[in-house]
Amino acid sequence: MSEHDHQAEPDSLRTPIVAVLGHVDHGKTSLLDKIRGSAVHEGEAGAITQHIGSTAVPLEVISDIAGELVNPDDFDLPGLLFIDTPGHHSFSTLRSRGGALADIAILVVDVNDGFQPQTHEAMDILARTSTPFIVAANKIDTVPGWNPEQNRPSKVAIESQSERVQSDLNDSLYEIIGQLSSKDISADMYWRVQDFQKNVGVVPLSAETGEGVPDLLTVLMGLSQRYMKDEMEIDTAGPAAGTVLEVKDTQGFGTTIDTVIYDGTIREDDTIVVGSKPEPIVTDVRALLQPKPLAEIRADEEFEQVPEVVAAEGVKVAAPDLDDAMAGAPVRVVGDRELDDVLDIVRKELADIEVSTEEEGVTVKADTLGSLEALVSTLEEDEIPVMDAGVGDVAPRDVRMAETAETAHEQSILAFNVDVLDDARQLAEQEDVGLFEHDVIYRLIESYQEYVEEIQEAQQ
Ligand code: GDP
């Protein structure tokens, strides 16, 4: 997946980037916290590094946590980089050529609750971006009859499928496996999978007690080493390539971008090209910011300025003119290349994101390019035409656009995970433009569909 847009030879392997997806309340945040927590607990002080927007867990720490399951000598990938924000947002920010930022995903499913709408939604995104994933069957501690001694997750995860779990967990797990097979994915409760788009590992675990977390890390590390090594080759001396995770104000620095750098090196004063519509932004890095070690943080000063950052790492980039940068868009250091060539690379990458619009339809806004793409394609499946689609908060301009739709119900704005500016809200009220807001795609679409039904019923 990793594409070098320059000619230099790879000289190093980077950490695979891992994102956590799943239905609300199934335990994504808890799992990320647990992974960070066990890493801090098990590792030597300072062994895990908190970046901006991501956390790196080095191989040695994974090996400490996983014990005999991970022998560092068998691996040459340096560890795993977890994106800190759980859910679609972090995941659907694109990386390269419309692909996903993440190299591998963890799909969290609550064993009591099974597959829910956002689980399906997540699986659709994973399929569309061809992202390998494993299923974390979470909350096993709540299953009656669960006996951590008898049913050690590592046994289930590592040994053969015939190793039966003697508890009610069986039923829950088999239900999950049934759901996967209804999507043409065969699930194995072990990690020697052949093709992990069609054949995924299911790891039972508890984000609360931590049981099974070592197994999860083992499986992630094992799969990455086995299937992704070639894609992890990077040229550390080359100009950086990365993705914008978030655009936000940082005190003293104005508008900054939180990024994940997945190839090369970015330095202070480098000229960068950042994805934006209609045209990419060209600017110079003023400062690179990373979190200070906890002990050194003072209230007004949580960042440390660093001279350079090497992939794969998360870093906050301060530079002039970043106001129109888009979450999910590419960032490239120009280096010794022609600016025009780099602009072309960034333009192409943006153009590859499929957000097709029609002459008539609703107006949609989303927080990142990736989530916009996910929203528009879900609307397409539901046969709801889209007239205008953009990234960012709902502004008066969007209301003006929505107003031009022909039918009353299409004079609507569907806003996914973004704010509605006050003057836009006022204008929408004034002009009778429907405003639908949610941070869950299916709920957003549902509420719009209900509204359409109401209008149609009223017309009959
Ligand atoms: P998210 O919305 O997917 O990020 O879910 P959270 O991580 O916020 O978890 C939702 C709720 O489930 C919280 O109250 C957690 O404490 C709880 N929870 C998460 N994982 C587990 C688990 O493994 N066992 C138990 N008993 N509770 C859990």
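Here the residue numbers are simple positions, counted from 1 along each chain's written sequence. Local features in a predicted model are, by the rule used here, given only for residues with pLDDT of at least 70; side-chain atom pairs are given and counted only at 80 or more, and totals for whole chains, interfaces and linings are based on all residues. Hydrogens and water molecules were not included; the side-chain quantities draw on all heavy atoms of the structure.

**Q** How do you make sense of the site of the ligand when you look at a structure like this?
**A** Proximity is defined per residue: if any heavy atom of the residue lies within 4 Å of a molecule or strand, that residue is considered near it. If you check the shell around the ligand, you find 15 residues, and the closest are D25, K28, T29, S30 and D141. One of the backbone nitrogen or oxygen atoms of K28 is found 2.8 Å away from an oxygen atom of the ligand. In this structure, T29 approaches the ligand through a side-chain N or O atom, which is 2.5 Å from an oxygen atom. Residue exposure ignores everything except the shown protein chains as possible cover, and the areas themselves are Shrake-Rupley values with a 1.4 Å probe. Relative to its free-state accessible area of 580 Å², the ligand is covered by the protein chains to the extent of 71%. Helix numbers and strand numbers start at the N terminus; a helix is a DSSP run of H or I with at least 4 residues, a strand a run of E with at least 2. Among the elements that take part in the shell around the ligand, helix 1 (residues 28-42) stands out by supplying three residues, more than any other. Three residue categories are used. Nonpolar comprises Ala, Val, Leu, Ile, Met, Phe, Trp, Tyr, Cys and Pro, charged comprises Asp, Glu, Lys and Arg, and polar comprises the others, including Gly. Each residue belonging to the shell around the ligand can be placed in one class, and the counts come to two nonpolar, eight polar and five charged. Here a polar contact is taken to be a pair of N or O atoms separated by no more than 3.5 Å, where protein atoms must pair a possible hydrogen donor with a possible acceptor and residues adjacent in sequence count only if both atoms sit in side chains.

**Q** Even after reading the chapter, I still don't get the packing of helix 9 (residues 369-381) against helix 12 (residues 441-459), so can you show me in this structure?
**A** When two helices pack together, their arrangement is given by the angle between the helix axes and the distance between those axes. Interaxial angles span 0 to 180 degrees and are taken between N-to-C directions of axes, which are lines fitted to C-alpha atoms, for helices over the stretch in contact. At a minimum axis distance of 10 Å, the contact between helix 9 and helix 12 shows a crossing angle of 45°. With respect to helix 12, the element helix 9 is oriented oblique. Crossing angle aside, the handedness with which helix 9 passes helix 12 is right-handed. Where helix 9 approaches helix 12, its residues A374, L375, T378 and L379 are matched on the opposing element by I441, L444 and I445. Just so you know how the angles are binned, under 35 degrees is roughly parallel, over 145 roughly antiparallel, 65 to 115 roughly perpendicular, and the rest oblique. Handedness of a helix crossing follows the sense of rotation of the near helix relative to the far helix, less than a right angle counterclockwise being left-handed and clockwise being right-handed. Between two residues, a contact is recorded if the distance between any of their heavy atoms is within 4.5 Å.

**Q** Just to check I follow, could you spell out the sheet that holds strand 23 (residues 412-416) for this structure?
**A** Sheet strands associate in pairs through backbone hydrogen bonding, adopting either a parallel or an antiparallel arrangement. The strand order across the open sheet formed by four strands is 22-21-23-24, and the pairing between neighbours is parallel. Every other strand in the sheet has two partners, leaving strand 22 (386-391) and strand 24 (434-438) as the edge strands with one partner each. Within this sheet the neighbouring strands show an average axis-to-axis angle of 15°, counted without direction. Here strand 21 (residues 362-366) pairs with strand 23 via four bridges, running parallel. Bridge assignment links T363 to a residue of strand 23, and that residue is I413. Strand pairing is defined by DSSP finding a minimum of two bridges between the two strands.

**Q** What exactly am I supposed to notice about the environment of V333 here?
**A** Here V333 shows up in strand 20 (residues 330-333). Classification of V333 as buried rests on a relative accessible area of 3%. Along the primary structure V333 and T283 are separated by 50 residues, whereas in three dimensions their C-alpha atoms are 9.8 Å apart. Non-local contacts of V333, meaning those with residues more than four positions away in its chain, are made with P239, A240, T265, I266, D270, T271 and I272. Remark: exposure states derive from per-residue accessible area (1.4 Å probe, protein chains only) relative to the maximum for the residue type, with buried under 20%, exposed over 50%, and partly exposed in between.

**Q** What is the right way to read the pattern of salt bridges from this model?
**A** When charged atoms on two side chains of opposite charge get close, those side chains can pair. In what follows, salt bridge is the name for a side-chain nitrogen of Lys or Arg lying within 4 Å of a carboxyl oxygen of Asp or Glu. Scanning all chains against the criterion turns up 16 salt bridges. For E308, the salt bridge identified is with R267, shortest N-O distance 3.0 Å. Taken together, the positions of E308 in strand 18 (residues 308-310) and R267 in strand 13 (residues 265-267) put the pair 41 residues apart, joining distant regions of the chain. Exposure remark for E308: the relative accessible area of 38% places this residue in the partly exposed category. Between D398 and K365 there is a salt bridge, with its nearest N and O atoms 2.8 Å apart. With D398 in helix 10 (residues 396-403) and K365 in strand 21, this residue pair connects regions lying 33 residues apart in the sequence. Take D398 and K365: they sit in the same class, and that class is buried.

**Q** Which parts of the structure should I look at to understand the pairing of strand 4 (residues 54-58)?
**A** Along a regular strand, successive side chains alternate from one face of the sheet to the other. Among the five residues of strand 4, five are classified as buried, and the element is accordingly described as predominantly covered. Burial of strand 4 is two-sided: the residues S54, A56 and P58 facing one way and the residues T55 and V57 facing the other way are all buried. When strand 4 meets strand 5 (residues 79-83), the two strands line up antiparallel, connected through five bridges. Bridging from a neighbouring strand, V57 pairs with L80 of strand 5.

**Q** Explain the pairing of strand 12 (residues 254-263) to me, please; I cannot follow it from the model alone.
**A** Counting buried residues in strand 12 gives nine out of ten residues, a clear majority hidden from the surface. Summarising the sheet, strand 11 (residues 241-250) and strand 12 pair through nine bridges and their orientation is antiparallel. Looking at strand 12, one finds that T243 is bridged to V260. In textbook terms, the turn of a hairpin is the stretch between consecutive antiparallel strands, and for strand 11 and strand 12 this stretch comprises three residues, one of which, G252, has a positive phi near 85°.

**Q** Teacher, can you tell me more about the packing of helix 2 (residues 59-66) against helix 7 (residues 213-227) here?
**A** Close contact between helix 2 and helix 7 brings their axes to 9 Å; oriented N to C, the two are set at 135°. Taken together, helix 2 and helix 7 sit at an angle that is classed as oblique. With respect to the hand of their crossing, helix 2 and helix 7 are arranged in left-handed fashion. Residues L59, I62, I65 and A66 of helix 2 touch helix 7, and the partners they reach there are P214, L217, T218 and M221.

**Q** Which parts of the structure should I look at to understand a negative patch on the surface?
**A** Residues enter a patch when their relative accessible area is above 30% and they make no salt bridge; the linking distance is 9 Å between like charges and 5 Å between nonpolar side chains (Val, Leu, Ile, Met, Phe, Trp, Tyr). Only four residue types enter the tally: Lys and Arg on the positive side, Asp and Glu on the negative side, with His and both chain ends excluded. In plain terms, the charge of a residue is placed at NZ if it is Lys, CZ if Arg, CG if Asp and CD if Glu. Taken together, the side chains of D124, E358, E359, E380, E381, D382 and E383 define an acidic patch exposed on the protein surface. The class for D124 is partly exposed, based on a relative accessible area of 37%.

**Q** Got a minute to help me understand helix 8 (residues 339-351) in this structure?
**A** Residues three or four positions apart in an α-helix share a direction because the helix packs 3.6 residues into each turn. Between the first and last residue of a helix there are one fewer steps than residues, each counted as 1.5 Å, and that sum is the expected span. With 13 residues, helix 8 should cover 18 Å at 1.5 Å per step; its first-to-last C-alpha distance of 18 Å lies within 8% of that length. Within helix 8, the full set of buried residues consists of V342, L343, I345, V346, E349 and L350. Angularly, the buried residues of helix 8 cover 155° about the axis, an arc narrow enough to put them on a single face. Within helix 8, the exposed residues directed more than 90 degrees away from the buried face are D340 and A351. Against strand 14 (271-274), strand 15 (281-284), strand 20 and helix 9 lie the buried residues of helix 8. As used here, the arc is the angular range of directions from the helix axis to the C-beta atoms.

**Q** Is there a simple way to think about the environment of T243 in this case?
**A** By the element assignment, T243 lies in strand 11. Through-space distance from the C-alpha of T243 to that of F416 is 20 Å; in sequence the pair is 173 residues apart.

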